[in-house]
Structure formats: structure tokens, C-alpha cells
Amino acid sequence: MTSPRILLWACLMVAASASATDWKPTAESDRQDSTTDRLYAERSAVRPSDGRQVTAHLAFFSSAAFRLKVVDLGAAAEPVYQTLADAFRAEGCVAGVNGGFFHPDLRPAGLVIAEGRRINRFETAKLLSGVVYSDHQGVHLVRRAQFRDHPDIAALLQSGPYLVEGARAVRGLSPSDPNRRTFIAADGHGRWVLGATMSPLTLADFAECLASTGALIPWRVDRALNLDGGTSTGFFFDQRGGKAPVSLSPWKRVRDLLGITPR
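Remember, it's a predicted structure, so these values are computed and weren't measured experimentally.

Asks: Got a minute to help me understand the environment of Phe102 in this structure?
Replies: Positionally, Phe102 belongs in the loop between strand S5 (95-98) and strand S6 (112-114). Note on Phe102: relative accessible area 18%, which makes it buried. Measuring from C-alpha to C-alpha, the distance between Phe102 and Asp228 comes to 8.5 Å, with 126 residues separating the pair along the chain. Excluding residues within four positions of it along the chain, Phe102 makes contact with Arg107, Pro108, Ala109, Asp228, Ser232, Lys252, Arg253, Val254 and Arg255.

Now the structure itself:
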């Protein structure tokens, strides 16, 4: 029989462990207006246990009003567009980030679908554990094993690893190699966010941050997928009202971009 004292001690240890990994929003984080279908915010979060912080550019959008668009930049010697902002504007995207992983010769890693055109092939590499795509039914983010291909898909990126699943940080993510991160996340009810961090974090820490409701993302994240980060990290948001766009350029050339366009 388990004694009440041992049971109490176990509960306290679980609570202490949970609080040690919880992230909190910092005082200067922008608030999100939940009444708009598209919104930019720069938000910061901190982990009280050790003071580690992260700041990110975030593009919130509704899947009822926007669809995904993959912009293929090609592998030619000369880039199709001079800047990330030029690419998104030319392709009619009001916001976006850099896309999936690629090889040194700029060949994509995993399946890419841009404007219905299929580039490369579906791969089973451990890293490429998730698929994000748009079809006539909306925007979807699923595990690789759950993905069912069909001809109606207009935009798709295979990437990974999965960061959050079922509102919990995925276990087994790397606790080393902090870097800038690019990601897409959803609440499971039509709210989505594309983001790029300006602070380096390990994949394990970043997953815990995203899973801490109200920390970096003001709503409960049900699923989140890692995109190519590090020196590839890029972000664009075309603000309304004559304001200058928010733009963060990658430090190197990338193969593709993931943006949103009005439905």
C-alpha cells in the first residue's frame, strides 16, 4: 500500500517538474486581437526557472480567410527574387516564412507541392515527421503516417520534427544545439500562426515554450511543426494602414517559402 506521505511527495515532485518547464509571457509582449483574421505580433516569453528568454515575429491568421501558398524559388544559379519580401509580394502573399529543408544543391528534402506542381518525393527520413498543406477543405497539419495524398492539394511542405502534439511538447526532441527557429502551429479550431524566433533555443526548449499556453502564443497550441531554421530563418508580414512591412531575411539562400494568401 502506498502511504499518503509518499503519494504527497510524488505529487509535489510532478508539480515542481511541470513548473520548472513552464514558460511565461514577458511584460512587453504584444497582445493579440482575436477578432481579426490576420495579425502581426512580436511576442517574448521567459522561463522563470533559469531566466531563458525567446522573442519571435508572429503572423496569426484564420484558415477560414486564408490558404497556404508554397513559393518555389528554384535551384538555378541566379535566384528568382532578390529578397524574401520581393518574393512574397510578387506571389500575392500577405505574410509568410521560409519553408522546408533542402540539400546543398538546393534540392528540397521531402515532398513539396507549389501551385499544384510536385517537386521531389515523399520521404520517410526521421526528421521529416510532419506534413502541412492546403486543399479545398482548408489548412491541415498532420503526422507523416496520417497523411493521405490526393490531387486537390495546391500547397504542401514535408518538414519536421513535430514540436507539439495534443497540446503537449513532443518527447525526445534535442536538448542541445540552440538556434533560431521557424514554425507553424494551430489550435485545432481554425486559428494558425507562422513564426520565426529572433532568439536561439533548442528544439526541446522551444517545444515546451509553445506548449505553455499564453507564453509565446496567446492561445492553446494543439499542434506545431518545425520548419528550416538557423541561418534559413526568415519572416514577412505586410501590415495594413500604410505601415512598413515587417521583414526578417535569411542569412543564406533558401529553396522555398511558406506564405498565406486570401481565399
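Still more to cover.
Asks: It is not clear to me how the side chain of Arg181 should be interpreted in this structure. Could you clarify?
Replies: The topology assignment puts Arg181 in the loop between strand S12 (168-169) and strand S13 (182-186). It is Asp177 that comes nearest to the buried, bridge-free Arg181 among opposite-charge side chains, at 5.1 Å. Within the local environment of Arg181, its side chain forms a polar contact with the backbone oxygen of Asp177, the two atoms lying 3.0 Å apart. One polar contact links the side chain of Arg181 to the main-chain carbonyl oxygen of Leu201, over a distance of 2.9 Å.

Asks: Teacher, can you tell me more about the sheet that holds strand S10 (residues 155-159) here?
Replies: Note on sheets: strands pair through backbone hydrogen bonds, and any given pair is parallel or antiparallel. Here we have five strands laid out as an open sheet, ordered S7-S6-S10-S8-S9, and antiparallel in their pairing. Single-partner strands in this sheet number two, and they are strand S7 (117-119) and strand S9 (138-143). Neighbour to neighbour, the strand axes of the sheet diverge by 20° on average, direction disregarded. Examined bridge by bridge, S6 and S7 share three bridges and lie antiparallel to one another. For Val112, the partnering residue across the bridge sits in S7 and is Ile119.

Asks: How should I be thinking about the nonpolar core in this particular structure?
Replies: Generally speaking, soluble globular proteins have nonpolar side chains that are buried together. Core analysis: the biggest nonpolar cluster contains 59 residues, and Leu68, Leu163, Phe183, Leu210, Ile217, Phe235 and Leu258 have the highest contact counts within it. For Leu163, the contacting residues outside a window of four places in its chain are Arg168, Ala169, Val170, Leu173, Phe183, Leu203, Phe206, Ala207, Leu210, Ala224, Leu225 and Asn226. Ala85, Phe102, Leu106 and Val254 belong to the second largest nonpolar core, which has 12 residues in total.

Asks: Before we go on, may I ask you to explain the pairing of strand S14 (residues 191-197) in this structure?
Replies: For a regular strand, the rule is simple: side chains alternate between the two faces of the sheet. Buried residues dominate S14, accounting for six of its seven residues. Sheet topology places strand S3 (residues 52-62) next to S14; seven bridges connect them, and they run antiparallel. Within the sheet, the bridge partner assigned to Ala59 lies in S14 and is Leu194. As judged from the five bridges shared by S13 and S14, these two strands associate in the antiparallel manner. Across the sheet, residue Ala185 finds its bridge partner in S14, namely Val193. Counting the residues in the hairpin turn of S13 and S14 gives four residues, including Gly188, whose phi is positive at 85°.

Asks: Please clarify how the environment of Asp50 should be interpreted in this entry.
Replies: Relative to the helices and strands, Asp50 resides in the loop between strand S2 (38-47) and S3. A polar contact is formed between the side chain of Asp50 and the backbone nitrogen of Arg52, at a distance of 3.0 Å.

Calculation rules
- Residues numbered from 1 in each chain as written.
- Predicted model: local features only at pLDDT ≥ 70, side-chain atom pairs only at ≥ 80, totals over all residues.
- Heavy atoms only, no water.
- Helix = DSSP H or I, 4+ residues; strand = E, 2+ residues; numbered from the N terminus.
- Buried < 20%, exposed > 50% of the residue type's maximum accessible area, 1.4 Å probe, protein only.
- Contact = heavy atoms within 4.5 Å.
- Lys, Arg positive; Asp, Glu negative; His and termini not counted.
- Salt bridge = Lys/Arg side-chain N within 4 Å of Asp/Glu carboxyl O.
- Polar contact = N/O pair within 3.5 Å; in protein donor to acceptor, adjacent residues only side chain to side chain.
- Pairing = 2+ DSSP bridges.
- Axes fitted to C-alpha atoms, helices over the stretch in contact; angles between N-to-C directions.
- Core = buried A, V, L, I, M, F, W, Y, C linked by side-chain atoms within 4.5 Å.

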